[in-house]
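Commentary on secondary and tertiary structure
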Amino acid sequence: MTDSIMYQEDGYVVLETNQPEELMTESELLHKLETFLATQSDLPQDITKFDTIKKQAEYLLHNYCEFNADDNNYLQWYVVRWEKK
């Protein structure tokens, strides 16, 4: 049987072009994704099917782990646990 701790999400490590890595809570990352999506004009169809930026950000958070704005700019996020239990 799988240990439930394997599915525990405490936060995210976020990597972005020319920025130091950041540790964020889910709500902080959602805010960052909403801000990021608001500046993008060419989004994949699976994201644009949602009618609000909030819903798009939630979909992006749970279905992607990176988004490349262009060839030189990226945003990546990975689930982390704050402490080992």
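Here's what I pulled together on the structure shown here. (Residues numbered from 1 in each chain as written. Predicted model: local features only at pLDDT ≥ 70, side-chain atom pairs only at ≥ 80, totals over all residues. Heavy atoms only, no water.)

**Topic: the overall build of the protein**
Of regular secondary structure, the protein possesses three helices and four strands. Along the protein, helices and strands appear, N-terminal first, in the series β-β-α-α-α-β-β. Long-range pairs, those at least 24 residues apart, make up 50% of the contacts in the protein between residues at least 6 apart in sequence. Taken as a whole, the protein presents about 6,200 Å² of accessible surface, with 47% of it coming from carbon and sulfur. (Helix = DSSP H or I, 4+ residues; strand = E, 2+ residues; numbered from the N terminus. Contact = heavy atoms within 4.5 Å. Areas by Shrake-Rupley, 256 points an atom, 1.4 Å probe, with all protein chains shown as cover.)

**Quick notes on the nonpolar core**
Ranked by internal contacts, the top residues of the largest apolar core, which has 17 residues, are V14, L29, L33, L60, L61, F67 and W77. Among the secondary structure elements, those contributing two or more residues to this core are β1 (11-16), α1 (26-38), α3 (53-63) and β4 (73-80). (Core = buried A, V, L, I, M, F, W, Y, C linked by side-chain atoms within 4.5 Å. Buried < 20%, exposed > 50% of the residue type's maximum accessible area, 1.4 Å probe, protein only.)

**Comments concerning the pairing of β1**
Pairing of β1 with β4 involves six bridges; the strand directions are antiparallel. Its bridge partner being in β4, V13 is matched across the sheet by Y78. (Pairing = 2+ DSSP bridges.)

**Side note on the pairing of strand β3 (residues 66-70)**
Where β3 and β4 come together, four bridges link them in antiparallel fashion. Across the sheet, residue E66 finds its bridge partner in β4, namely Q76. Hairpin connection from β3 to β4: two residues lie between these consecutive antiparallel strands.

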